[in-house]
Each structure stands twice: as structure tokens, then as C-alpha cells.
Amino acid sequence: MPLVAVKLPISAPLAELFERCANEPWALLLDSCNSAAAQWDFVFRQPLFTVTRAENWPQQLEQAMASVPDYKGPEHLPFQGGIAGAWSYDAGRALEKLPDIAADDIQLPEIAVGVYTQALMQNRHTGETWLLAPEQELAALQDFWQQPVAQRTKLPNFKLLTPWQSNMTAVDYADKFSRVQSYLLAGDCYQVNLAQRFSALFEGSTWQAYQRLRENNNAPFSAYFKLKQGALLSLSPERFLAIDASGKVETKPIKGTRPRADDAQEDAALASALHNSSKDRAENVMIVDLLRNDLSRLCQPGSVHVPKLFAIESYPAVHHLVSTVVGQLNSAQQGIALLAECFPGGSITGAPKIRAMEIIDELEPHRRSYYCGSFGYFSKHGNADTNIAIRTLVASQDDSHHGTIHCWAGGGLVADSECAAELQETRDKVARILPVLADPEFGGPKHDA
């Protein structure tokens, strides 16, 4: 039962077409939000089987990949059958021995990855839409995507039932900031990412919430993933690992943030200040060095280098300082192994990574769940693309469409960080998320900042 691919006469964006399956468990949208930074959008649905147990997940996924049928079709397509899904930050516990201090209060699996033999792919540059499917299912799936929807299923309106509530007061944050400084001065580590979590009760469609957030963020590595127990909504601007079929690897760590301003001159000044900040450059280069080391574990000697250092990338809420690190794998089939070597991404832990993760578990009141994990896909022929799940929300929900939604914001702390500035940075990062969902026009209570 080989996999085949056919071009469809569809021009509608995949974020619009996804509504046909938005309520299906294991339906996944990888969404570039029309950004030039990511060439393809994807819809994955109806996996052959799923992997939800984090223990030995690299080995489980390698075995799962081996079960994917052969592909016969155009070689330029980025996904030719393989795995796709999400890895929580806590999936790192299967790779390293970490303390068990932070409360584990979100009842979702630590890994949610499916083996997919069907996918809808859209090239954002050419507008072409391709359908991958098992040969015997192709005609039915063409009808599913091409036929007009007779009557759109009415999803219950998304509505926050309570204001957002952080798991840290300003006093709590200052105390934890001080304890990080003590670790830094003692030489335990030289950067620690400290995050706070915002939570609220809600009812209604999480897909509807994602659509509103998408309009306000335009993040190039966004994703929406419907799970049986809830949903994951990512508005991430950060690429983690991209691999092409020749084994070339790219990672683009973000470290350094400034808010946007409405006034063009003030906005340009903020971007310039970020680009010239010695503190932010120092933070960025720490993570660049960490990722160079991570990539070097599997890349060919001498192939890892940094073609871009300290580039400015601007998004609706913030400016970011972004670098690019590349390398060459011995084989494109090492993608899952490379993910395990680099997981979780150093830009959201600190450095050295394991010691920073130990401090995070000690100081953050709750586990991070899918925040700072990763969404993405790995094709059997070697192509892969994944994000760092920042600007990410996790919703757990019952059958009556009631539940709890969580959103995190953090930042890297170094020895010369200032507490008030770092706390404000966490708020800047969710400035186009928390208020959007709490907007009274969207049915929610006013956001209490």
C-alpha cells in the first residue's frame, strides 16, 4: 500500500481548510501564518497509530518511522510519510535524570506524536497544494478536501470565565530572580531561563481561540494540535531544528527581546538598542555556543558554523535578537537522534543545560508541559522541521467544552540582569496573547495585568 501524492486545485489557505477537521483528535496544523520564514504549511490527520509514552521516546519513534509505507511521488515534497506531533518540555525527563519538585498538574501525555500517511501540504511561495495519501484512499481524501462543506459545524464560542492569574506575584518573581543570581554568582551556571505561568478557566472552542491569536501574532512557526484531552496552541517565532533530505541542519535560537512601539521612530530605536545591547548579545552567544556543541555531537567535524549572528527579527509584540547555526549530518536519517541530542532547546533552558533545568524545576512552581517543548514533523526520507514552543498555550478540556488554559512567559537571566526589566520582558512577550483572549469583545473578562 504505497503512499502517493497529487496536486489539488485548491488555493484556500490551510488555516481555513483546517476547520473541516479542527475538532478531530490528532488533527495537527503546522502554520507559517503566511511568513516567508517557513515555506510550507501542513495539515496532518488520522494517524495510523500514536506514541504518547515518553519513556525511550527516541527509540519508539525510530521504530514507528520504520513502519511508514514506501512513497512513490514527486521528490520535492517535504513530507513523504513519517511522524508529526508535539514533544513537551518534560519529555526531556526521559533523556536526563532531573528532580521532581515542580507540580505536575496538567493531565496530558508528555509526548503526542502520530505516524501519518496522509497530509495536506501548501507551498506558501507558489500557492501549490499537494495531498499525500495511501494509494487506495486517495480518491476519498480528494473529495474530503475539495468538495464544498454542505453545512459548517457550529463550534461553541471560546470564552474566558476568569481573569488570567499568574503562578508568581511580583514579589515571588523577585525572590526567584535573587535565587537565580545566587546560583550564577556561585558558578553553578551562567544563564537560567525563568518563566511564570498564567492560567484561566474557559469554555468553548480552542480552535476559535487559535484563530484570534493567529490574527494578532503572525508567527512563522505556529501550530494547532487537537488532542482527546484538550488542545495545544503555539504562536512561536522560533525555529528549533530544520533538516533537509541531504542532512543539512539549521537552528535559529532567539535570545534578546524588546517591546514594539506604535511610533515608528521609537520602534526603530528599540530595535537598535536591542541589536547593540552587550548584555543581550552575551546571552545570545551563550546559547549559540551551547547549540554548536549540541549539533557537533552528530554533525560532520568542521561543518558546524554560524552564518548569522545577532540578526533582528520583528513581530507584532516584540523585536527579537536571532542567530543562525548550521551543520551537516552524516545522514539525513539521523533527525530523530539529533532531536534527542538537542532536546529541549538551549534557548529556553540556559547553560549549562542540565544544571539550568535542575534550577528551573526547583524554582518554577509548576511543570512546563508543552511550553518550551517542540512541534514539528519528520519525513521518512529525511526532511524535518520543528519549532521551540514559546508563546504556547496548553488547554485541558472535558466533554462539555469546559477547561483550564495555561500560557507561559520567560526569559534568560544572567549575572547583570535587572529584575524589573526581566519581569517586564515576560509581560511584553504575551502582550498579543493574554489580552486578546481576555478581550470583552471576544467574550472574556478584562485582563488584569
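Here we summarise the structure given alongside this text.

What counts as what
Position numbers for residues start from 1 in each chain and track the written sequence from start to end. Local features in this predicted model are restricted to residues of pLDDT 70 or higher, and side-chain atom pairs are both shown and tallied only at a pLDDT of 80 or more, whereas totals for entire chains, interfaces and linings draw on every residue. In computing side-chain values, all of the structure's heavy atoms are included and hydrogens and water are not. Only protein chains enter the accessibility calculation, which uses a 1.4 Å probe. A residue is then buried if its area is under 20% of the maximum for its type, exposed if over 50%, and partly exposed in between. The helix and strand labels rest on DSSP assignments: H or I over at least four residues marks a helix, E over at least two residues marks a strand, and numbering proceeds from the N terminus. Between any two strands, at least two bridges found by DSSP are needed for them to pair. We call a set of buried residues a nonpolar core when its members are Ala, Val, Leu, Ile, Met, Phe, Trp, Tyr or Cys and they connect through side-chain atoms within 4.5 Å of each other. Here, residues are in contact when the closest pair of their heavy atoms is within 4.5 Å. Here a salt bridge means any side-chain nitrogen of Lys or Arg lying within 4 Å of a carboxyl oxygen belonging to Asp or Glu. Two rings belonging to Phe, Tyr or Trp (six-membered ring only in the last case) form a pair when the distance between their centres is within 6.5 Å. Interplanar angles under 30 degrees mark stacking, angles over 60 mark edge-to-face geometry, and anything in between is tilted. Working rule: Lys NZ or Arg CZ, within 6 Å of ring centre, within 35 degrees of ring normal, means a charge sits over the ring. Nitrogen and oxygen atoms within 3.5 Å of one another constitute a polar contact, given that in protein one can donate a hydrogen and the other can accept it, and given that sequence-neighbouring residues count only through two side-chain atoms.

### Thoughts on the pairing of strand 23 (residues 402-413)
Alright, step 1. With respect to burial, strand 23 is a largely interior element, 10 of its 12 residues being buried.
Alright, step 2. Alignment of strand 11 (residues 191-203) against strand 23, held across 12 bridges, turns out to be antiparallel. Pairing of V192 across the sheet is with L413, part of strand 23.
Alright, step 3. Here 5 bridges tie strand 22 (residues 392-397) to strand 23, and the two strands are oriented antiparallel to one another.

### Things to note about the nonpolar core
Alright, step 1. F44, W57, W87 and F225 are the most contacted members of the largest nonpolar core, which totals 86 residues.
Alright, step 2. Excluding residues that lie within four positions of it along the chain, W57 makes contacts with W87, A91, A94, L95, I111, L339, A340 and F343.

### Some thoughts on the pattern of salt bridges
Alright, step 1. Enumeration over the complete set of coordinates arrives at 29 salt bridges.
Alright, step 2. R179 is the partner of E362 in a salt bridge, and the nearest nitrogen-oxygen pair spans 3.2 Å. Of this pair, E362 sits in helix 9 (residues 353-363) while R179 sits in helix 4 (residues 170-186), and the two are 183 residues apart along the sequence.
Alright, step 3. Here E362 falls in the partly exposed class, since its relative accessible area comes to 27%.
Alright, step 4. On the basis of relative accessibility, which here comes to 33%, the residue R179 falls in the partly exposed class.
Alright, step 5. Between E422 and K279 there is a salt bridge, with the nearest N and O atoms lying 3.1 Å from each other. Taken together, the residues E422 in helix 10 (residues 419-429) and K279 in helix 7 (residues 278-296) connect sequence positions 143 residues apart.
Alright, step 6. Of the residues examined, E422 reaches a relative accessible area of 3% and is grouped as buried.
Alright, step 7. Note on K279: relative accessible area 17%, which makes it buried.
Alright, step 8. Shared partners join several salt bridges into a network, and the residues in it are D100, D104, E110 and R367.

### A look at the packing of aromatic side chains
Think of a pair of aromatic rings as described by two things: how far the centres are apart, and how the planes are tilted against each other in angle.
Alright, step 1. Evaluation of the coordinates by the stated rule reveals 18 aromatic pairs.
Alright, step 2. Three or more aromatic residues link up through ring pairs in this structure, and these residues are F42, F44, F79, Y116 and Y377.
Alright, step 3. Over the face of the ring belonging to Y183 we find R355, whose NZ or CZ atom lies 5.0 Å from the ring centre.

### A word on the side chain of K176
Alright, step 1. Looking at where K176 falls in the secondary structure, it is placed in helix 4.
Alright, step 2. Within polar-contact distance, the side chain of K176 engages the backbone oxygen of L363 at 2.8 Å.
Alright, step 3. In this view, K176 contacts M168, L194, L363 and P365; residues no more than four positions away in its chain are not counted.

### Notes on the pairing of strand 21 (residues 384-387)
Alright, step 1. Of the two faces of strand 21, the one holding A384 and T386 and the one holding D385 and N387 are both buried throughout.
Alright, step 2. The pairing of strand 14 (residues 239-243) with strand 21 spans 3 bridges and is classified as antiparallel. Residue pairing across strands places R239 opposite N387, the latter belonging to strand 21.
Alright, step 3. As defined by bridge partners, strand 20 (residues 374-379) adjoins strand 21 across 3 bridges and the pair is classed as antiparallel. Its bridge partner being in strand 21, F378 is matched across the sheet by A384.
Alright, step 4. Turn length for the strand 20-strand 21 hairpin, with the two strands adjacent in sequence and antiparallel, is 4 residues, and the turn residue G382 shows positive phi of about 120°.

### Considerations on the environment of A409
Alright, step 1. Mapped onto the secondary structure, A409 falls in strand 23.
Alright, step 2. You can call A409 buried: its relative accessible area is 2%.
Alright, step 3. Residues contacting A409, with those up to four places away along its chain left out, are L194, A195, Q196, F198, Y371, T426 and V430.

### So, unusual backbone geometry
Alright, step 1. Following F343, the chain continues to P344 via a peptide bond in cis, the omega torsion being -15°.
Alright, step 2. Its location among the elements puts P344 in the loop between helix 8 (335-342) and strand 19 (350-351).
Alright, step 3. That bond from A351 to P352 is cis: its omega, -10°, falls within 30 degrees of zero.
Alright, step 4. Following the sequence through the fold, P352 ends up in the loop between strand 19 and helix 9.
Alright, step 5. Here N56, not a glycine, exhibits a phi torsion of approximately 55°, which is positive.
Alright, step 6. Its location among the elements puts N56 in the loop between strand 4 (49-51) and helix 2 (57-66).
Alright, step 7. Taking relative accessible area as the criterion, N56 reaches 42% and is therefore assigned partly exposed.
Alright, step 8. Of note, the phi angle at C372 is positive, near 70°, even though the residue is not glycine.

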